Amino acid sequence: MDNCCDFIKLLGPDMSMKILLHLDNPADLIRVCLVSSSWRQFVISNGLCKQLCLKLLPEISSVTHTIEVNNLIDPVKLRQHDHLELECLRRNHRVYAFLARGLNPLTRKDCISEAISASSTDNYPEESIHNTLEPLDRIEHIASYWSSEGQSDPAIPETLIYKLVAKVCLVTEFHVQPFQAYFQYGFPIYSSKAVRFRLGHPRLPEASDTKDGSMPSHRLADDKFIWTYISPEFPMAQENCLQKFKLPENVLCIGGFLQVELLGRVQKQEMDGLYYICISHVQVVGRPFLPRFDIDILDATGRCALKYLPETENCMLSSGSPNWENAASSRFRTLTARLIQRGTRGWEQMILNTLLGTVAAGANETDDERPT
Amino acid sequence: MSMAAVETKKITLRTADNHEFEVEEAIAMEFSTIKTFFDENPDASEDTIPLPNVTSKCLSAIIEYCKSHLAFRARETSSSIDEQVRTYDEEFVKARDNESLKELILAANYLNIKALLDMLNQAVADRIKNKSVEYVRRFFGLENDYTPEEEAAIRAENEWAFEGVDPDDD
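Residues numbered from 1 in each chain as written. Chains lettered and ligands numbered in written order. Predicted model: local features only at pLDDT ≥ 70, side-chain atom pairs only at ≥ 80, totals over all residues. Heavy atoms only, no water.

As recorded in an unreviewed UniProt entry, chain B goes by SKP1-like protein and comes from Theobroma cacao. The UniProt entry for chain B carries the following text under Subunit (unreviewed entry): "Part of a SCF (SKP1-cullin-F-box) protein ligase complex." As its UniProt record puts it under Pathway (unreviewed entry), chain B is described as follows: "Protein modification; protein ubiquitination." (UniProt positions renumbered as here; feature names shortened; annotations may be inferred.)

Under the annotation held in an unreviewed UniProt entry, chain A carries the name F-box protein At4g00755 and is attributed to Theobroma cacao.

Structure, rendered in structure tokens:
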């Protein structure tokens, strides 16, 4: 019996597509492309990589427009004689093949890698934004929270800026826990009235470098970023719990930066009669894309190119998931630095608190206590 | 259409290799192609239907499949029935080599039997999952029309896709 002639030709495009769509591993689809050039053409012109992405991650459907149309992906060098649409299909094929590969099946709660800056901070560094990366509201009897400066006008908002673990991340939910001052009379909770989230990227390439290890600017850096997504306003409850804010639809953050905007103050500090906002913890829930995706900011308008870095692949394969380790270890470094700072200032702070009449918790901490 | 609601009404099908199969009407109606034919030609029920694109081996397998599934459907739906259906489908596919799977797909497509076709498509996809490019080529009987340079370029672009495939066992 002679061999079947080209299966795709024999069965027709619809049937062949049905078979190929049953594949759910992007590697299989890529290998299919190598079978013959006509098959590769088939895969490309029928957008099978995109179909696979949509199958693996249905939430992507809301962002395909962004990926394909909004010029967020720099077009490949156009060959003069190529039909524009075919070039488009080829580009999409490449992008979606990469995306399918990069899709992390697990949703993670720790998509924040660094705290960048806060619009204002009371008592820097004890009450700096870095404390919000720590889920507990106190460590070793030392309170861990960020506090804004006090304002007499409760309408004045605050913003917090964070960097995510990956430059491309599908974000589904945010969690915020306001801080309850357990050492103040009445245990006030310094939440805000509402909260809103923005996702985006640095305006210019230089802004994406965060000063490593040293004290980052804790002044407003908002103008250094372009926010491509603004969430609706979510009301915040004045409760000491991790409040969950689920986005109405999943958002693909390209650029890897988050701004938390805290709108309206509700709690006055008895001591000075000013309104403060204090946050104990912030979490981003989503699916970060593996580190091999990078963003090149092309110009000041924020147009950027999505890049694939195959070199990082080898690091990935050999050392497990360096991305998570890097994020975790960078957080750990930050935490250690914070604790060391606190270790040296904690004693003075305790004295101050005592003089001011606020009771510092954990009065039984020892002198030689050293954080590890 | 004949008013006889007799269940034993039979329809004759002739395959490409000139075998004749007598099947119950209910089964023949599972083949949408045939069903459409009868809807349009109600008087033709006495004739033998020629199926030039289907071999007797295929047809007998397909008839078996349809018979079994009709029997499953006649019983009440339950999770244990679903389980039995799944097991039956698995067994149906497992015993067949790649050639006969391909033939079955072509036949099921020609006869337009949706459920069987979906099941077979999934089975074919499962067979090429995680297999090397060479295996897939052989499976579909295709020639490699890339130049060595082109092939190397595509491989290099997506190195990750070519690791960890199952070794060819054919």
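Student: Would you explain the overall build of chain B in this entry?
Tutor: Counting its regular elements, chain B contains 8 helices and 3 strands. Reading chain B from its N terminus to its C terminus gives the helix and strand order β-β-α-α-β-α-α-α-α-α-α. Taken across its 170 residues, chain B has 42% of its residues classed as buried. Summed over its atoms, the accessible surface of chain B is roughly 9,500 Å², and 50% of this surface lies on carbon and sulfur atoms. (Helix = DSSP H or I, 4+ residues; strand = E, 2+ residues; numbered from the N terminus. Buried < 20%, exposed > 50% of the residue type's maximum accessible area, 1.4 Å probe, protein only. Areas by Shrake-Rupley, 256 points an atom, 1.4 Å probe, with all protein chains shown as cover.)

Student: I keep staring at empty space enclosed by the protein and nothing clicks. Help me out?
Tutor: The method is simple in principle: a probe with the dimensions of a water molecule rolls over the atoms, and the space it marks as empty is what remains. Enumeration over the complete set of coordinates arrives at 5 cavities of 30 Å³ or more. Here the largest cavity is characterised by a volume of approximately 70 Å³. In terms of lining residues, the largest cavity is bounded by I30, C33, R40, H93, R94, A97 and F98 of chain A together with I154, E157 and N158 of chain B. Residue assignment for the lining of the largest cavity shows that the elements contributing at least two residues are α3 (26–35) and α7 (84–102) of chain A together with α8 (148–157) of chain B. Of the residues forming the lining of the largest cavity, the biggest block, 4 residues, is contributed by α7 of chain A. Taken together, the residues of the lining of the largest cavity break down into 5 nonpolar, 2 polar and 3 charged. (1 Å grid on protein atoms, 1.4 Å probe; cavity = no way out; pocket = protein on both sides within 12 Å on 5 of 7 lines; lining within 4 Å. Points joined across faces, edges and corners; volume = space filled by probe spheres on them. Nonpolar A, V, L, I, M, F, W, Y, C, P; charged D, E, K, R; others polar.)

Student: Looking at this model, I keep getting lost on unusual backbone geometry. Mind explaining?
Tutor: A negative phi angle is the norm for most residues apart from glycine, just as the trans form is the norm for most peptide bonds. Residues and elements named next belong to chain A. A cis geometry characterises the amide bond from Y124 onward to P125, with omega recorded as 5°. Within the secondary structure, P125 sits in the loop between β1 (112–118) and β2 (138–139). Phi is positive for N123, close to 50°, though the residue is something other than glycine. Within the secondary structure, N123 is located in the loop between β1 and β2. What makes N123 partly exposed here is its relative accessible area of 39%.

Student: Help me out: how do you make sense of the interface of chain B and chain A in this one?
Tutor: By a widely used convention, the size of an interface equals the accessible area lost when the partners come together. Across the boundary between the two partners, chain B contributes 37 residues, which contact 35 residues of chain A. Our count for the chain B to chain A interface comes out at 0 salt bridges. Applying the counting rule to chain B against chain A returns 8 residue pairs in polar contact (both at pLDDT 80 or more). Contributing elements (two or more residues each) for the side of chain B that touches chain A: α5 (98–111), α6 (114–128), α7 (133–140) and α8 of chain B. Sorting elements by how many residues they give to the side of chain B that touches chain A places α6 of chain B first, with 7 residues. Looking at side-chain class alone, the side of chain B that touches chain A contains 16 nonpolar, 8 polar and 13 charged residues. (Contact = heavy atoms within 4.5 Å. Salt bridge = Lys/Arg side-chain N within 4 Å of Asp/Glu carboxyl O. Polar contact = N/O pair within 3.5 Å; in protein donor to acceptor, adjacent residues only side chain to side chain.)

Student: What is the right way to read a negative patch on the surface from this model?
Tutor: Together, E143, D145, E149 and E150 of chain B give the surface a local cluster of negative charge. Locating E150 of chain B in the fold gives a position in helix α8. (Patch = residues over 30% accessible without salt bridge, like charges linked within 9 Å, V, L, I, M, F, W, Y side chains within 5 Å. Lys, Arg positive; Asp, Glu negative; His and termini not counted. Charge placed at Lys NZ, Arg CZ, Asp CG, Glu CD.)

Student: Please clarify how the sheet that holds strand β2 (residues 20–24) of chain B should be interpreted in this entry.
Tutor: Two modes of strand pairing occur in sheets, parallel and antiparallel, and in both the strands are linked by backbone hydrogen bonds. Residues and elements named next belong to chain B. As summarised here, the arrangement of the 3 strands in space is β2-β1-β3, forming an open sheet in which the pairing is mixed. Of all strands in the sheet, those bounded by a partner on one side alone are β2 and β3 (48–51). This sheet shows a mean twist of 30° between the axes of neighbouring strands, independent of strand direction. Taken strand by strand, helix α3 (residues 56–74) contacts β1 (10–15), β2 and β3, and its axis lies near 10° from that of β2. (Pairing = 2+ DSSP bridges. Axes fitted to C-alpha atoms, helices over the stretch in contact; angles between N-to-C directions.)

Student: Where do I start with the packing of aromatic side chains in this structure?
Tutor: Two measures describe an aromatic ring pair: the distance that separates the ring centres and the angle between the ring planes. Following the criterion strictly, the structure yields 17 aromatic pairs over all chains and no others. Relative to F197 of chain A, the ring of F174 of chain A lies with its centre 4.0 Å away and its plane at 10°, an arrangement referred to as stacked. Highlighted residues: F174 of chain A in strand β6 (residues 168–178) and F197 of chain A in strand β7 (residues 192–202), separated in sequence by 23 residues. F197 of chain A shares its class with F174 of chain A; the two are buried. Counting every residue linked through ring pairs, the aromatic cluster contains Y145, F179, Y182 and F183 of chain A. Residue placement shows R138 of chain A over the ring face of Y182 of chain A; its charged tip is 3.7 Å from the ring centre. Just above the ring of Y135 of chain B sits the side chain of K131 of chain B; from NZ or CZ to the centre is 5.3 Å. (Phe/Tyr/Trp six-rings, centres within 6.5 Å; stacked < 30°, edge-to-face > 60°. Lys NZ or Arg CZ within 6 Å of the ring centre and 35° of its normal.)

Student: Mind showing me how you'd approach the sheet that holds strand β4 (residues 146–147) of chain A here?
Tutor: Residue and element names in this part refer to chain A. A sheet is described by the order of its strands in space; here 4 strands give the open sequence β4-β14-β6-β10, paired in antiparallel fashion. With partners counted over all chains shown, the strands left at the sheet margins are β4 and β10 (243–254), one partner each. Here 8 bridges tie β6 to β10, and the two strands are oriented antiparallel to one another. Paired with E173 across the strands is K246, a residue of β10.

Student: Honestly, the confidence of the model for chain B in this entry has me stumped. Any pointers?
Tutor: Reading fine detail from the predicted coordinates is not recommended where pLDDT is low. Residues and elements named next belong to chain B. Mean pLDDT over chain B: 84, with 92% of residues reaching 70 or higher. Per-residue pLDDT, averaged within each element of chain B, yields its smallest value for α7 (84) and its largest for α3 (90). Here the prediction assigns the complex a pTM of 0.53, and the interface score ipTM is 0.73. (pLDDT = per-residue confidence, 0-100.)

Student: I would appreciate a short explanation of the environment of I230 of chain A in the present structure.
Tutor: All names here are of chain A. When you line up the elements, I230 lands in strand β8 (residues 225–230). For the pair formed by I230 and R196, sequence separation is 34 residues and the distance between their alpha carbons is 7.4 Å. Apart from the residues within four sequence positions on either side, I230 is in contact with R196, F197 and R198.

Student: Quick question: what am I supposed to make of the pattern of salt bridges here?
Tutor: Between side chains of opposite charge, a pair can form as their charged atoms come close. Residues and elements named next belong to chain B. Applying the stated rule across the entire model yields 17 salt bridges over all chains. A salt bridge links E20 to R14, with the nearest nitrogen and oxygen atoms 3.5 Å apart. Each member of the salt-bridge network shares a partner with another, and the members are E134, R137, R138, E151 and R155.

Student: Before we go on, may I ask you to explain the side chain of D89 of chain B in this structure?
Tutor: All names here are of chain B. As for its placement among the helices and strands, D89 is situated in helix α4 (residues 79–94). Despite its burial, D89 remains without a salt bridge, the nearest opposite charge being carried by R86 at 8.4 Å. If sequence neighbours within four positions are ignored, D89 has contacts with Y65, H69 and M119.

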